[in-house]
Amino acid sequence: FRGPIIFAPAMDEGMYRNEIFRENLNKLKNKGYHIIPPDKGILASGKIGEGRFPAVEEVIKYVGSILSGKPARRDFSGGEDFKGIKVLITAGGTREFLDPVRFIGNASSGKMGYALAEAARERGADVKLITTPVSLPKPNGFEMINVVTASQMQDAVIKNFASTDVLIMAAAVGDFRPKTFAKEKRKRNQGKWDIELVPNPDILAEVAKIKKGEITVGFSIETQNQIKQAKEKLNKKNLDLIVANDITVKKSGFCSDTNKAVLIDKKGKTEKLPLISKRELADIILDRIQNIGRRKWERKK
Ligand code: C5P
């Protein structure tokens, strides 16, 4: 067979960590075979550890990335550059309810935040994902905190911020919420419905007030003056890195699997990236975070 050959090893953690197994696995890797690393979780023995067969969706995604010639970054040696680092990520779009059935939301799919969480997990990070309801398969291997509104997301972020090394706010947080909530479903025959909206707190601005040595990363979506506005946000929210999404090009931004983004750091260094998959972008963002945090984390170790 001349096509790519992919292994998805699954076993008990003791065996997976065994030196001889590792040597053999590396032998396969060095010969150009592809390896899908297993997940962490409950094993057949009842123990919790590394060795679980990954979610089928993950295996399919990985196979797809190999066939498209862009292998996803699931690596063993040197792939665990986030080991011991706590990464808190928000994903999805918040919802603000007007009555029990209707809400004001936005078009965020959660794909960027989920890609970041999966990439960070694969690179060894201790990941916590704060997510709104999204239509994506539930990922394995990290803690998920479910929220709906901006205010719930704010509580979850503030509660978990003190014990994190990195915060990545990939969620599209609603800037406004209805002033009042109607307990009963509003009927059409009640006629015209004027909705008064009040601003939500800016979570990242609140985080900036309590930030010490943590690395904070924000996203920005604007329809005009994208880079200028992203730089202003970076300063205002005291971020280490901002990812400015370009939603003016096709297949970039909300809901798509790809993104065209510009990364801007605190020193004003601007990096324009081409249209790439959200998963590839996630790894590039993590690479930049690693550059910012490396020295600090080495001291911690
Ligand atoms: O100012 P703007 O809403 O465009 O900034 C976007 C960034 O700020 C994103 O990272 C988003 O998650 C975060 N944000 C926030 N709280 C809000 C609105 C946005 O933390 N209320």
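Residues numbered from 1 in each chain as written. Predicted model: local features only at pLDDT ≥ 70, side-chain atom pairs only at ≥ 80, totals over all residues. Heavy atoms only, no water.

For the rest of this paragraph, the subject is the packing of aromatic side chains. This model, assessed by the stated rule, comprises 4 aromatic pairs. For the pair Phe 7 and Tyr 33, a centre-to-centre distance of 5.7 Å together with 85 degrees between the ring planes defines the contact as edge-to-face. In this pair, Phe 7 sits in strand S1 (residues 6-7) while Tyr 33 sits in the loop between helix H2 (19-30) and strand S2 (34-35), placing the two residues 26 residues apart along the sequence. For Phe 7, a relative accessible area of 31% puts it in the partly exposed group. Against the face of Tyr 16 rests Arg 22, its NZ or CZ located 4.3 Å from the ring centre. (Phe/Tyr/Trp six-rings, centres within 6.5 Å; stacked < 30°, edge-to-face > 60°. Helix = DSSP H or I, 4+ residues; strand = E, 2+ residues; numbered from the N terminus. Buried < 20%, exposed > 50% of the residue type's maximum accessible area, 1.4 Å probe, protein only. Lys NZ or Arg CZ within 6 Å of the ring centre and 35° of its normal.)

Before going further, it helps to examine the environment of Glu 96. Here Glu 96 is to be found in strand S6 (residues 96-97). Residues Glu 96 and Pro 178, 82 residues apart in the sequence, show an inter-C-alpha distance of 7.0 Å. Ignoring anything within four residues of it in the chain, the contact list for Glu 96 reads Arg 102, Phe 103, Ile 104, Thr 149, Ala 150, Phe 176, Arg 177, Pro 178 and Asn 200. One polar contact links Glu 96 to Asn 200, side chain to side chain, over a distance of 3.2 Å. (Contact = heavy atoms within 4.5 Å. Polar contact = N/O pair within 3.5 Å; in protein donor to acceptor, adjacent residues only side chain to side chain.)

Our next topic: the site of the ligand. Neighbouring residues of the ligand: Met 169, Ala 171, Val 173, Asp 175, Pro 201, Asp 202, Ile 203, Leu 204, Gly 218, Phe 219, Lys 233 and Lys 237. In this structure, Asp 202 approaches the ligand through a side-chain N or O atom, which is 3.4 Å from a nitrogen atom. Here Lys 237 contributes a side-chain N or O atom positioned 3.0 Å from an oxygen atom of the ligand. Protein contacts shield 88% of the accessible area of the ligand, which totals 440 Å² for the unbound molecule. Going through the elements one at a time, helix H6 (203-210) and strand S13 (215-221) are the ones with two or more residues in the shell around the ligand. Within the shell around the ligand, the residues separate by chemical class into 7 nonpolar, 1 polar and 4 charged. (Near = heavy atom within 4 Å. Areas by Shrake-Rupley, 256 points an atom, 1.4 Å probe, with all protein chains shown as cover. Nonpolar A, V, L, I, M, F, W, Y, C, P; charged D, E, K, R; others polar.)

Attention now goes to the nonpolar core. Of all hydrophobic cores here, the largest spans 34 residues; its most connected members are Leu 116, Ile 168, Ile 285 and Ile 289. When contributions to this core are tallied by element, the ones reaching two or more residues are strand S5 (86-91), helix H4 (111-122), strand S8 (126-131), strand S10 (166-169), S13, strand S14 (241-245), strand S16 (261-265) and helix H8 (278-300). Sort the elements by how many residues they give to this core and H4 lands first, with 7 residues. Setting aside chain neighbours within four positions, we find Ile 168 in contact with Val 87, Leu 88, Ile 89, Thr 90, Leu 116, Val 217, Phe 219, Leu 286 and Ile 289. With 21 residues, the next largest nonpolar core counts Leu 167, Ile 203, Leu 239 and Ala 244 among its residues. (Core = buried A, V, L, I, M, F, W, Y, C linked by side-chain atoms within 4.5 Å.)

So, about H4. Over its 12 residues, H4 runs 16 Å from end to end, which matches the ideal 16 Å to within 8%, given 1.5 Å per residue. With 11 of 12 residues buried, H4 is to be regarded as a mostly interior element. Listed in full, the buried residues belonging to H4 are Met 112, Gly 113, Tyr 114, Ala 115, Leu 116, Ala 117, Glu 118, Ala 119, Ala 120, Arg 121 and Glu 122. Backbone geometry just downstream of H4 places Gly 124 in the positive-phi region, at approximately 95 degrees. (Expected span 1.5 Å × (residues − 1).)

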